[in-house]
Amino acid sequence: MSTPHYDCIIVGTGPAGASAAYYLAKGGYSILMLDKETLPRYKPCGGGVSPIVQQWFDFDFSPAISLKISVNRYTWKKQDPFEVSLNTQEPIWMVRRDVFDRFLVQQGQQQGAQLKDSTLVTGIEQQSEQILVKTSRGNYKGRYLIAADGGKGPLATWLGFKDRKRMLAGALEAEFPIVSESNGTTDSF
Ligand SMILES: Cc1cc2nc3c(=O)[nH]c(=O)nc-3n(C[C@H](O)[C@H](O)[C@H](O)COP(=O)(O)OP(=O)(O)OC[C@H]3O[C@@H](n4cnc5c(N)ncnc54)[C@H](O)[C@@H]3O)c2cc1C
C-alpha cells in the first residue's frame, strides 16, 4: 500500500499546531495533524489567554472560553485574600486546555485538515522533495513538516537543533468552587 501524502504534516495539536492547521487547510493545502494523545487531552495549564488572540482569527472563540476575569484573587490556605484588578482593556479569558485545544483542532478539521490522534511520531526522514513521518500507526509523507510538538517533544532534537536546557518544576491543578457575585450561583474552575 502506498504511503499517504500531504502538503504538510503537523506534529502536535496544541494551539501552535492547530492554528497552523486551520490557516493552511483554509488556504487549500492538504493537512495531516498528528498527536500522540487521544483528544480531547488534559494539559496542566494556568488557562489564562489574552483576548487579543481573537484578532488573529476569523472565528469566534466564545465556545472555548470558560470564564472571563478582570480581578485576580490570591490567598494563602484560602485565607487572607488579596485582590488585584487586571489593568487590561478587556477581561482575560480563562480556558480549559482540553476544551480550548480541541476547539481549535475542530476549526482546522472543518477546513478539511485530517486528524490522527493516539498516534505517536517515532521518527522523521528527509527524502529528496518530501519528509517521511514514521508513527506508531504507520508512515505518512509530507512536502512540509511543522514541528509543533511542544517543549517536551522530540522533533527539535531530530531536526538538529541544539539540546535545550530543561528545568523541572512541579505544577498542581485543583478545582474549587467559585461564587458569582452577581447572582450568587456556584461554579468551579
Ligand atoms: C503549568 C503550566 C501553566 C501554564 N499556564 C499558561 C497560561 O496560563 N497561559 C498561557 O498562555 N500559557 C500557559 N502555559 C504555556 C502553554 O501551555 C504553552 O505555551 C502551550 O501549550 C504551547 O503550545 P504548543 O502548541 O506549542 O504545544 P503543546 O500545547 O505542548 O502541544 C504539543 C502537542 O504535541 C504532542 N506531541 C508531543 N510529542 C509528540 C510526538 N512524538 N508524537 C505526536 N505528538 C506529540 C503533545 O501530545 C501535545 O498535544 C503554561 C504551561 C505550564 C506547563
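In what follows, the structure referred to is the one given above.
Residues numbered from 1 in each chain as written. Predicted model: local features only at pLDDT ≥ 70, side-chain atom pairs only at ≥ 80, totals over all residues. Heavy atoms only, no water.

Draft legend 1. Representation of the site of the ligand in the model. Looking at the ligand, there are 26 residues lining it, with Ala-16, Asp-35, Gly-46, Gly-48 and Arg-97 nearest. Side-chain polar atom of Arg-97 to an oxygen atom of the ligand: 2.8 Å apart, as the coordinates give it. Considered on its own, the ligand offers 1000 Å² of accessible surface; in the complex 66% of this is hidden by protein. For the shell around the ligand, the class distribution of residues is ten nonpolar, nine polar and seven charged. (Near = heavy atom within 4 Å. Polar contact = N/O pair within 3.5 Å; in protein donor to acceptor, adjacent residues only side chain to side chain. Areas by Shrake-Rupley, 256 points an atom, 1.4 Å probe, with all protein chains shown as cover. Nonpolar A, V, L, I, M, F, W, Y, C, P; charged D, E, K, R; others polar.)

Draft legend 2. Local environment of the environment of Arg-97. Take Arg-97: it is sitting in helix H2 (residues 97-110). For Arg-97, the residues in contact, after removing those within four places along its chain, are Pro-15, Arg-41, Lys-43, Cys-45 and Arg-102. Only 2.9 Å separates the side chain of Arg-97 from the side chain of Asp-101, close enough to count as a polar contact. (Helix = DSSP H or I, 4+ residues; strand = E, 2+ residues; numbered from the N terminus. Contact = heavy atoms within 4.5 Å.)

Draft legend 3. Up close: the nonpolar core. By size, the foremost hydrophobic cluster in this structure holds 25 residues, and its most contacted members are Ile-10, Ile-31, Phe-59, Phe-61, Trp-93 and Leu-104. The set of elements that each furnish at least two residues to this core consists of strand E1 (5-11), helix H1 (15-26), strand E2 (31-34) and H2. The greatest single-element share of this core, amounting to five residues, is contributed by H1. Residue contacts for Leu-104: discarding those within four places in its chain leaves Pro-15, Ala-18, Ser-19, Phe-57, Phe-59 and Phe-61. Formed by eleven residues, the second largest nonpolar core is a distinct cluster that contains Leu-34, Val-121, Tyr-140 and Leu-145. (Core = buried A, V, L, I, M, F, W, Y, C linked by side-chain atoms within 4.5 Å. Buried < 20%, exposed > 50% of the residue type's maximum accessible area, 1.4 Å probe, protein only.)

Draft legend 4. Molecular detail of the sheet that holds strand E11 (residues 138-147). Strand order in the open sheet formed by six strands is E8-E2-E1-E11-E10-E9, with mixed pairing between adjacent strands. The open sheet is flanked by strand E8 (114-116) and strand E9 (121-127), the only strands paired with a single partner. Geometrically, the sheet is characterised by an average inter-axis angle of 40° between neighbouring strands, direction not taken into account. Relative to strand E10 (residues 130-135), E9 runs antiparallel, the two sharing six bridges. Residue pairing for E10: Gln-127 is matched across the bridge by Gln-130. Here H1 sits on the sheet in contact with E1, E2 and E11, set at roughly 155° to E1. (Pairing = 2+ DSSP bridges. Axes fitted to C-alpha atoms, helices over the stretch in contact; angles between N-to-C directions.)

Draft legend 5. Here's a closer look at the pairing of strand E6 (residues 79-85). Counted residue by residue, E6 has zero buried out of seven residues, so it is predominantly exposed. In this structure, strand E5 (residues 71-76) lies alongside E6, joined through five bridges in antiparallel fashion. Bridging across to E6, Tyr-74 finds its partner in Phe-82. Between E5 and E6, which pair antiparallel one after the other, the connecting turn spans two residues, and Lys-77 there sits at a positive phi close to 55°.

Draft legend 6. Fine view of the pattern of salt bridges. Under the counting rule described, the total for this entry stands at six salt bridges. A single salt-bridge network, built from bridges that share partners, covers Arg-41, Arg-97 and Asp-101. (Salt bridge = Lys/Arg side-chain N within 4 Å of Asp/Glu carboxyl O.)

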